[in-house]
Amino acid sequence: MTQRALDSSGEQTPGPSRPAMIDAGAELDPVHPVEPPPPRRPDGLSAAEVAERVARGEINDVPVRSSRSMTEIVRANVFTRFNLIIGVLWVIMLFVAPIQDSLFGFVIVANTGIGIIQEWRAKRTLDSLAVIGEAKPTVRRDGVAAEISTSEIVLGDLVELGPGDKVVVDGTVAEADSLEIDESLLTGEADPVLKRAGDPVMSGSFVVAGGGAFTATRVGREAYAAQLAEEASRFTLVHSELRSGISTILKYVTWMMVPTAIGLIISQLVVKDNNFKDSVARTVGGIVPMIPEGLVLLTSVAFAIGVVRLGRKQCLVQELPAIEGLARVDVVCLDKTGTLTEGGMDVTEVRPLNGSDETYVEEVLRTFGASDPRPNASLQALIDAYPQREEAAWAVTDAMPFSSARKYSGAAFTEADGTASAWLLGAPDVLLSEGDTALAEIERLNEQGLRVLLLARVQGDALDAPGAAAGAAPTALVVLEQRLRPDAGDTLAYFADQNVATKVISGDNAVSVGAVAGKLGLAGAENTLDARRLPTDPDEMATAIEQNAVFGRVTPQQKRDMVAALQSRGHTVAMTGDGVNDVLALKDADIGVSMGSGSEATRAVAQIVLLNNSFATLPSVVAEGRRVIGNITRVATLFLTKTVYSVLLAILVVCTQVEYPFLPRHLTLLATLTIGVPAFFLALAPNKERAQPHFVRRVMRYAIPSGVIAAAATFTTYLVARHHYTGEGALDAETSAATLTLFLVAMWVLAIIARPYTWWRIGLVASMGLGFLIVLVVPWLQDFFALKLVGTTMPWTAVGIAVAAAVLLESVWRWVGRRFGA
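Our subject in this report is the structure included herewith.

Quick notes on the rules
Residues numbered from 1 in each chain as written. Predicted model: local features only at pLDDT ≥ 70, side-chain atom pairs only at ≥ 80, totals over all residues. Heavy atoms only, no water. Helix = DSSP H or I, 4+ residues; strand = E, 2+ residues; numbered from the N terminus. Contact = heavy atoms within 4.5 Å. Areas by Shrake-Rupley, 256 points an atom, 1.4 Å probe, with all protein chains shown as cover. Expected span 1.5 Å × (residues − 1). Buried < 20%, exposed > 50% of the residue type's maximum accessible area, 1.4 Å probe, protein only. Axes fitted to C-alpha atoms, helices over the stretch in contact; angles between N-to-C directions. Parallel < 35°, antiparallel > 145°, perpendicular 65-115°, else oblique. Nonpolar A, V, L, I, M, F, W, Y, C, P; charged D, E, K, R; others polar. Phe/Tyr/Trp six-rings, centres within 6.5 Å; stacked < 30°, edge-to-face > 60°. Pairing = 2+ DSSP bridges. Core = buried A, V, L, I, M, F, W, Y, C linked by side-chain atoms within 4.5 Å. Patch = residues over 30% accessible without salt bridge, like charges linked within 9 Å, V, L, I, M, F, W, Y side chains within 5 Å. Salt bridge = Lys/Arg side-chain N within 4 Å of Asp/Glu carboxyl O.

Quick word on the overall build of the protein chain
Looking only at helices and strands, one finds 27 helices and 21 strands in the protein chain. Long-range pairs, those at least 24 residues apart, make up 72% of the contacts in the protein chain with a sequence separation of at least 6. Accessible area for the protein chain stands at about 34,600 Å²; split by element, carbon and sulfur atoms hold 58% of it.

Quick look at the structure:
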């Protein structure tokens, strides 16, 4: 993405009066036009003006969509490449063969319906959760500030801003109180920009410090963020190995299927001089099973049901593949505040320094609490401990909001006697010199897991004077106790059991953060590192991060650099956070996880939002991802085994110039009993196996030898039966014998994949076998499926060949497991 266009003096160059329409593939450029600032409207729009703008359509009407529309869902499930192929073959079969040979078409209709229903359920869940987690900007109208939906903002609205708020539409600053805005997500520039009245603000940026208000100058699809979202929506933001792997498999299947199907058509319709309709039916019977039509369906269903399950736990999955991504994570980076601890804090002690008067210090802290209209958690603790009196004796003359980059905030007062003073409140190890005697006492408090702030008096009364922080005189220590999340310890233990490394990354003192992590039982919590001592070289930084578990005094840019360093070592990194200082790292991590109570900016860039603010929900997300990955790997092996043996059988038929052994009804029955029904249950079953990489490679290692063995055993039975049976009805008897062998071999593949056995898995395999047995013994089902075993010699021969194939299958699967790992 390009940065803003600058002229040689570094000033922003004028742009067009309206943003140009974005072409596919065009690069987005967040250039603001030079516009006259709107007239100052401190009370905002009146109700009449709002109604007038709504009538003119000047409203922020960008649809907030967390999922595909119903039309897109139907189109995606119905109009697929394989549905087209199967649909054409189905129509042909309806004209040339009995209804039994058209059953595969009804199966596809049912599958498509299931896919649509499940994705619709997931859509409803996502949409309802998105409404709960939607940002609610504060808009001032008729002098009254109120939270409204983003879609209700109109042109000219006065939108208030505070720390962590996202700029939701383009505008011009009307009020600024030390307002600092981070535009890095748009421009790539990491440093926050200080905004003054009249300066432009871009939608998609966010406030890191201070506050203010801006007047909306572009809403709806004209706003820059709307154009950016429209462009970004064309791409999948989270990589899904499952989806890309299945796409790769389907591509190879298509390449194999087309020439094989052409050869089979020629063989059955041209070379063989059989009944035309029977030849067509057997040709279709050879083509249809080559298509793994249920694989994409089951993957979509598994993801959709995962979304519904997590939705019940108030977990909003903003990008479906994020479920899979978190299951592959091997390093979780946690922000302490809001993740391991609850948002609130309590003042436990104030220790005056250098003979300072305690009453005077309390009055400073009381007034300091009133200096920021949007207090953070530390300042809120001061307000709770030292509430304002009805008639304040001191007056606030200036304020400097807290910044995670500075690590302190400031305020200037006029005291009761008219004296002017200025104060800083922040990290002691930032405000104090290295050799200061107070640091030893602070270290002891930090070791107890307490948070310590230093109140220091600035020389003079100017907060922005050069070197104000360096020359500040220490006046008091403010000791804060953080509230630990009761569920955080169990969650950390879960990640440790799953061999997922946990790194606590915080802007607080490293020793204090380590003590908190130690109370929660984090392994390696004693290995703390002050981020100011982190090497800048990415490789050395990665080594330091791998060797330590707790990091303090981390700046927002360092969080981003740490994520990149871990990724450079091949780690899959998840980042959790709720503060504005976490946004850059959340955006760059493989999976970003935000708390629902976090800032609008963090919720906007995260792939997963925990609406219940419970860190303990993360294991559920990991478990859901593992269920999807593990189960789809299992069922993909089933589907692709069928594809392999179908292609090989077709090739063998073409090479030997014999009739294709099966009608569509036979393979519909086999696919239903050995793949379709069991795969549906296996895809949705609990599965706690650790997610493994290389999906395609792992599936094909088992599917190819299984398909080869099944095809070889089936064709061997077919050839033996052709020599055994003669006369009228011989082809039906040969088909029945080959069907028996193929069913038994496919059942053995299912039995292997269903391991480790539980009562329901054993029952599933047994019921599928019972279903086939019923077909063989019930007369009308024999006729319906054209399956009748003739004599005893050939059926038992078919069973013997299947047993030999099963022994070979067991040997090959065990060898593959030993050779390549499970």
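After that view, the rundown keeps rolling.
Side note on helix α21 (residues 618-656)
An ideal rise of 1.5 Å per residue puts 57 Å on 39 residues; α21 measures up with 57 Å between its terminal C-alpha atoms. In terms of residue burial, α21 counts as a mostly covered element, since 32 of its 39 residues are buried. A positive backbone phi angle near 55 degrees is found at Gln657, which sits one or two residues after α21.

Observations regarding the packing of helix α17 (residues 538-547) against helix α18 (residues 556-568)
Look at α17 against α18: their axes get within 8 Å of each other, and the N-to-C directions meet at 90 degrees. Between α17 and α18, the angle is such that the two are roughly perpendicular. Residues Pro538, Met541, Ala542, Ile545 and Glu546 of α17 form the contact with α18, whose participating residues are Asp561, Met562, Ala565 and Leu566. Here the residues of the contact of α17 with α18 are counted per class, giving seven nonpolar, no polar and two charged.

Section: the packing of aromatic side chains
The geometry of an aromatic ring pair comes down to the distance between the two centres and the angle between the two planes. Across all of its chains, the model carries 13 aromatic pairs by this definition. Plain terms: the ring middles of Tyr360 and Trp423 are 6.0 Å apart, the flat faces sit at 55 degrees to each other, and that makes the pair tilted. You can see Tyr360 sitting in helix α11 (residues 358-369) and its partner Trp423 sitting in strand β13 (residues 420-426), a full 63 residues away along the chain. By relative accessible area, Tyr360 is classed as partly exposed at 25%. Measuring from centroid to centroid gives 4.4 Å for Tyr702 and Trp813, while their planes differ by 40 degrees, and the two rings are tilted.

So, the pairing of strand β20 (residues 591-595)
Counting buried positions along β20 yields five of five residues, so the element is predominantly enclosed. Here β20 shows two buried faces, one formed by Ile591, Val593 and Met595 and the other by Gly592 and Ser594. The pairing of strand β19 (residues 573-577) with β20 spans four bridges and is classified as parallel. Its bridge partner being in β20, Gly577 is matched across the sheet by Ser594. Bridging between β20 and strand β21 (residues 608-610) involves three bridges; their strand directions are parallel. Its bridge partner being in β21, Val593 is matched across the sheet by Ile608.

Regarding the nonpolar core
Ranked by internal contacts, the top residues of the largest apolar core, which has 93 residues, are Phe104, Ile632, Val635, Leu638, Phe695 and Phe772. Top element by residues in this core is α21. It accounts for 13 residues. Excluding anything up to four places from it in sequence, Phe104 contacts Ile86, Leu89, Trp90, Met93, Val284, Val288, Pro664 and Thr668. Ranked by size, the runner-up nonpolar core spans 36 residues in total, among them Leu310, Leu618, Val621 and Val622.

Focus: the pairing of strand β14 (residues 451-458)
Most of β14 sits inside the fold, with seven of its eight residues counted as buried. Alignment of β13 against β14, held across five bridges, turns out to be antiparallel. Paired with Leu424 across the bridge in β14 is Ala456. Here β14 runs beside strand β15 (residues 473-484); their pairing, made up of seven bridges, is antiparallel. Looking at the pairing, Leu453 lines up with Val478 of β15.

Considerations on a nonpolar patch on the surface
On the surface, a cluster of nonpolar side chains totalling about 440 Å² of accessible area is made up of Met70, Val74, Val78, Phe79 and Trp120. Per-element tally for the nonpolar patch: the top contributor is helix α2 (residues 70-78), with three residues. With respect to the secondary-structure elements, Phe79 resides in the loop between α2 and α3 (81-96).

Things to note about the pattern of salt bridges
Applying the stated criterion across every chain yields a total of 26 salt bridges. One salt bridge connects Arg140 with Glu160, and the closest N-O pair in it is separated by 2.9 Å. With Arg140 in strand β1 (residues 138-141) and Glu160 in strand β3 (residues 158-161), the pair connects residues that are 20 residues apart, well separated along the chain. With relative accessibility at 12%, the residue Arg140 sits in the buried group. Residue class for Glu160 comes out partly exposed when judged on its relative accessible area of 21%. Taking the shortest distance from any N to any O, the salt bridge between Glu624 and Arg309 comes out at 3.4 Å. Pair noted here: Glu624 is in helix α21 and Arg309 is in helix α9 (residues 293-311), with a separation of 315 residues, a long-range link. Judged by relative accessible area, which is 29%, Arg309 ranks as partly exposed. Overlapping salt bridges bring together Asp429, Asp530, Arg532, Arg533 and Arg553 as one network.

Side note on unusual backbone geometry
In this structure, Pro756 follows Arg755 across a cis peptide bond, with omega equal to -5 degrees. Assignment of secondary structure puts Pro756 in the loop between α24 (730-753) and α25 (759-777). The phi dihedral of Asn499 falls on the positive side, at around 60 degrees, and the residue is not glycine. Looking at the secondary structure, you find Asn499 in the loop between α15 (488-497) and β16 (501-505). With a relative accessible area of 61%, Asn499 lands in the exposed category.

Examining the sheet that holds β20
Read across the sheet, eight strands follow the order β8-β21-β20-β19-β9-β16-β18-β17 without closing on themselves; strand pairing throughout is mixed. Looking at which strands have only one partner, the edges of the open sheet turn out to be β8 (315-317) and β17 (528-530). Strand after strand, the sheet turns through a mean of 20 degrees between neighbouring axes, direction not considered. Relative to strand β18 (residues 550-552), β16 runs parallel, the two sharing two bridges. Each residue of the ladder has a partner; that of Val504, found in β18, is Val550.

Structural notes on the side chain of Ser706
With respect to the helices and strands, the residue Ser706 is situated in helix α23 (residues 695-724). The residues touching Ser706, leaving out its near neighbours within four places in the chain, are Thr641, Val749, Leu809 and Trp813.

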